[in-house]
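Residue strings, one per chain:
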Amino acid sequence: MKRGKQAVIKRYEQVANGLAEQIEQGVYLPGERLPGVRRLSKQFSVSISTIMQAHQLLEDRGLIQARPRSGYYVRTSVWQAPEQPAMTNPKPKPARITGQQMAMQLSQATRQPGMIQLGAAIPHHSFLPTRAINRALLAVTRHQQRRSARYEFPPGSAELRQQIARRMLDAGCQVAPSKIVITSGCQEALALCLRAVAKTGDIIALESPTFYGLLQVVESLGLKALEIPTHPQHGISLDALKLAIEQWPIKACAIVGNFNNPMGYCMPDSNKQALVKLLRQHHIPLIEDDVYGDLAFDHHRPIAAKSFDTDGSVLYCSSFSKTLSPGLRVGWVVPGKYQEQIEYQKYITSLATPTLPQLAIADFLQRGSYDRYLRQVRGQYARQVAQITQAVSKHFPEGTKVTRPVGGFVIWIELLEGADALVIFDKALAKGISIAPGPIFSATQKYGNFIRINCAQPWDDRLEAAILFLGKLAHRRPSS
Ligand SMILES: Cc1ncc(COP(=O)(O)O)c(C=O)c1O
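Reading the values: rules and limits
Residues numbered from 1 in each chain as written. Predicted model: local features only at pLDDT ≥ 70, side-chain atom pairs only at ≥ 80, totals over all residues. Heavy atoms only, no water. Domains from an automatic or database assignment. 1 Å grid on protein atoms, 1.4 Å probe; cavity = no way out; pocket = protein on both sides within 12 Å on 5 of 7 lines; lining within 4 Å. Points joined across faces, edges and corners; volume = space filled by probe spheres on them. Helix = DSSP H or I, 4+ residues; strand = E, 2+ residues; numbered from the N terminus. Nonpolar A, V, L, I, M, F, W, Y, C, P; charged D, E, K, R; others polar. Core = buried A, V, L, I, M, F, W, Y, C linked by side-chain atoms within 4.5 Å. Buried < 20%, exposed > 50% of the residue type's maximum accessible area, 1.4 Å probe, protein only. Contact = heavy atoms within 4.5 Å. Pairing = 2+ DSSP bridges. Arc of directions from axis to C-beta. Axes fitted to C-alpha atoms, helices over the stretch in contact; angles between N-to-C directions. Parallel < 35°, antiparallel > 145°, perpendicular 65-115°, else oblique. Near = heavy atom within 4 Å. Polar contact = N/O pair within 3.5 Å; in protein donor to acceptor, adjacent residues only side chain to side chain. Areas by Shrake-Rupley, 256 points an atom, 1.4 Å probe, with all protein chains shown as cover. Sits in = over half its atoms within 2 Å of the grid points.

Visitor: Would you take a moment to explain the domain arrangement of the protein for this structure?
Guide: Accessible area lost upon the coming together of the parts serves often as the stated size of an interface. Each assigned domain of the protein is listed here: domain 1 (2-74), domain 2 (102-127 + 372-475) and domain 3 (130-370). Domain 1 and domain 3 are separated by 34 Å when their C-alpha centres are compared.

As structure tokens, then:
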């Protein structure tokens, strides 16, 4: 694996951070106007366009707001962001997974008309480039009629693999198109990887909390989950993982390192590198789920752990479900040395991924509109997360803790001790609001007083009323 570009802080981010610090220190107070662009450009010795990019970033973070023909002002409601949850502390013992059927209720809730979808991590259609995707689908049906009716046996469409190989350079990975296998979404990619590297009874090390879809696959394959303590900003604890490796015969490790679901952190590059090295020393494959990697709030695509892979022991999984369309069901794996097993597993599972969506996505990517779309939607998600976090800090009891994601679109909320996420889940569902209760993110049903909220829903009065209602539920004692 050759390394591509490393993440570097861009000038406009440095300017934005400088201005944010000045706001925090009270140099500019809520409601006050920031100096004009020319003055700031002199102050920071940067171009006017850099200042404008910094303004956009601060606006996305919810710190400042533009007033037409007047300039940028510090938001009057610059709010005290709630405290973040602490490092997690799961039981250091492999466990068979139970209770994952509940996660099915979340997907069922998405089918109910009128439901406020704060549960499943699915973007509302208004955030997706559905029209452009439909145009690409039409173009393919018109121009590639025969081709789109044929099987695209593994590894999948060559056009799409070439486009993905180009995009993977942004994640620091130089991968030949022939080393990519197209799958039906990231969920299938994860299942194929686990099947390729482990068999019944094997132990898989996971972040805690972790994405419930991963737990469901681990459960269905009869594997055991070993939940590793995880920091809300830095990700899986490498010290805890080291100890666990000494104690247990871990067969594989699976992480969502970039804009983690549910905690929203981005693992520092140095941790990704150390993780890959540690696992390589112990001959443990790493399954990396990077499905949110393109959704950085600071418009900076983080590198993947895969970029540190030197011997093909990192299996990289992703999809277009969080960016282009969950319904097209197109994802991929870069399986490293497990290529043959993954192609075979894909073939015996479903023969092939449907051809039409593969060709349509290849067409969309080839037209070059993906980056433009990403620039826009990243800002939207940053604003959504800021707005919903603000509403939670307003309507939930004091002492409620909320993660501070740096990408993606979910927040993880720690309610007061004694609050019961499952009771809140039932009561909210009865009121037409779906949320994801904490226990489904754990093999051993920890996180009984946590909930996850999907912020990719348009902000309106109904949504604010839903947060207010959840806040009221969070105030109640479990028995009331
Ligand atoms: C971390 C993570 N991985 C994988 C998936 C599933 O992705 P797909 O819809 O592409 O199968 C999700 C969806 O919620 C997710 O959050």
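Text resumes after the structure shown.
Visitor: Where do I start with the layout of surface pockets in this structure?
Guide: Where empty space is left becomes clear once a probe the size of a water molecule has been rolled over the atoms. There is about 570 Å³ of room inside the second largest pocket. Lining the second largest pocket are 26 residues, and of these Ile122, Gln187, Phe211, Tyr212 and Lys322 lie nearest its centre. Elements with a contribution of two residues or more to the lining of the second largest pocket: α4 (102-109), α8 (185-197) and α9 (212-220). If you tally residues by element for the lining of the second largest pocket, the top one is α4, at four residues. A per-class count over the lining of the second largest pocket returns 14 nonpolar, eight polar and four charged. Lining the lining of the second largest pocket are residues from two domains, each supplying at least three of them: domain 2 (102-127 + 372-475) and domain 3 (130-370).

Visitor: Explain the nonpolar core to me, please; I cannot follow it from the model alone.
Guide: When a protein is soluble and globular, its nonpolar side chains tend to lie buried together. Among the nonpolar cores identified, the biggest contains 139 residues, and Leu118, Phe320, Ile453 and Leu470 are the most heavily contacted of them. At 10 residues, helix α14 (residues 370-395) tops the list of elements feeding residues into this core. Residues lining this core come from more than one domain, with at least three contributed by each of domain 2 (102-127 + 372-475) and domain 3 (130-370). With residues up to four places along the chain from it excluded, the contact list for Phe320 reads Leu160, Ile164, Ser325, Val330, Trp332, Ile361, Leu365 and Tyr370. Counting 18 residues, the second largest nonpolar core, distinct from the first, contains Ile23, Ile51, Ala54 and Leu57.

Visitor: Sorry, what's going on with the sheet that holds strand β14 (residues 401-402) here?
Guide: Consider a sheet: its strands pair through backbone hydrogen bonds, and that pairing is either parallel or antiparallel. Strands sit in the order β14-β15-β18-β17 across an open sheet of four strands; the sheet is antiparallel. Each having just a single partner strand, β14 and β17 (436-437) make up the two edges of the open sheet. For β14 and strand β15 (residues 410-414), the ladder comprises two bridges, and the chain directions are antiparallel. Considered in β15, the bridge of Lys401 is made with Glu414.

Visitor: Which parts of the structure should I look at to understand α4?
Guide: One turn of the α-helix equals 3.6 residues, which is why residues spaced by three or four share an orientation. Every buried residue of α4 is accounted for by Ala103, Leu106 and Ala109. Down the axis of α4, the buried side of the element spans an arc of 110°, and every buried residue falls inside it. Contact partners of the buried residues in α4: β4 (116-117), α9, α15 (421-430), β16 (433-434) and β17.

Visitor: What is the right way to look at the environment of Gln345 in this model?
Guide: One can find Gln345 in helix α12 (residues 339-350). As for Gln345 and Cys193, which are separated by 152 residues in sequence, their C-alpha atoms are 8.7 Å apart. If sequence neighbours within four positions are ignored, Gln345 has contacts with Leu192 and Arg195.

Visitor: Would you take a moment to explain unusual backbone geometry for this structure?
Guide: Only a minority of non-glycine residues have a phi that is not negative, and only a minority of peptide bonds are not trans. Cis geometry is found at the peptide bond from Ser208 to Pro209, where omega equals 0°. With respect to the element layout, Pro209 can be found in the loop between β7 (203-208) and α9. For Arg69, which is not glycine, the phi torsion reads 55° and is therefore positive. The residue Arg69 is located in the loop between β2 (64-67) and β3 (71-74) in this model.

Visitor: Teacher, can you tell me more about empty space enclosed by the protein here?
Guide: Inspection of the entire model under this criterion finds three cavities of 30 Å³ or more. As a volume, the largest cavity reaches approximately 140 Å³. Looking at the largest cavity, it is lined by 15 residues, and the ones nearest its centre are Asp294, Arg301, Tyr316, Ser318 and Trp332. Every element with two or more residues in the lining of the largest cavity is listed here: α7 (158-168) and β12 (314-319). Tallied by class, the residues present in the lining of the largest cavity amount to eight nonpolar, three polar and four charged.

Visitor: Please explain the pairing of β15 as it appears in this structure.
Guide: Along any regular strand, the residues point their side chains to alternate faces of the sheet. Here β15 lies mainly inside the structure; five of its five residues are buried. Covered by surrounding structure in β15 are Val410, Trp412 and Glu414 together with Ile411 and Ile413, the residues of both alternating faces. In the sheet, β15 pairs with strand β18 (residues 450-454) via five bridges, with the strands oriented antiparallel. Within β18, the residue paired with Trp412 across the bridge is Arg452.

Visitor: Is there a simple way to explain the packing of helix α2 (residues 37-44) against helix α3 (residues 48-60) in this structure?
Guide: When two helices pack together, their arrangement is given by the angle between their axes and by how far apart the axes lie. For the pair α2 and α3, the least separation of the axes is 9 Å and the interaxial angle reads 105°. Judged by the inter-axis angle, α2 sits roughly perpendicular to α3. Taking contact as the criterion, the partners of Val37, Arg38, Leu40, Ser41 and Phe44 in α2 are, on α3, Ile48, Ile51, Met52 and His55. Of the residues in the contact of α2 with α3, the class split is six nonpolar, two polar and one charged.

Visitor: Help me understand the site of the ligand, please; the structure alone is not making it clear to me.
Guide: Lining the immediate surroundings of the ligand are 13 residues, of which Asp289, Tyr292, Ser319, Ser321 and Lys322 lie closest. A distance of 2.8 Å is found between an oxygen atom of the ligand and a side-chain nitrogen or oxygen belonging to Asn261. Within the side chain of Ser319, one N or O atom sits 2.7 Å away from an oxygen atom of the ligand. Protein burial of the ligand: of its 400 Å² of free accessible surface, 91% is covered by the chains. Among the cavities detected, the one that contains the ligand is the second largest pocket. Take the shell around the ligand: its biggest share by element is three residues, from α8.

Visitor: Explain the environment of Lys337 to me, please; I cannot follow it from the model alone.
Guide: Within the secondary structure, Lys337 sits in the loop between β13 (331-334) and α12. Taking the relative accessible area as the measure of exposure, Lys337 reaches 48% and is therefore partly exposed. Put simply, Lys337 and Asp311 are 26 residues apart on the chain and 7.6 Å apart in space, counted from C-alpha to C-alpha. With residues up to four places along the chain from it excluded, the contact list for Lys337 reads Asp311, Gly312 and Ser313.

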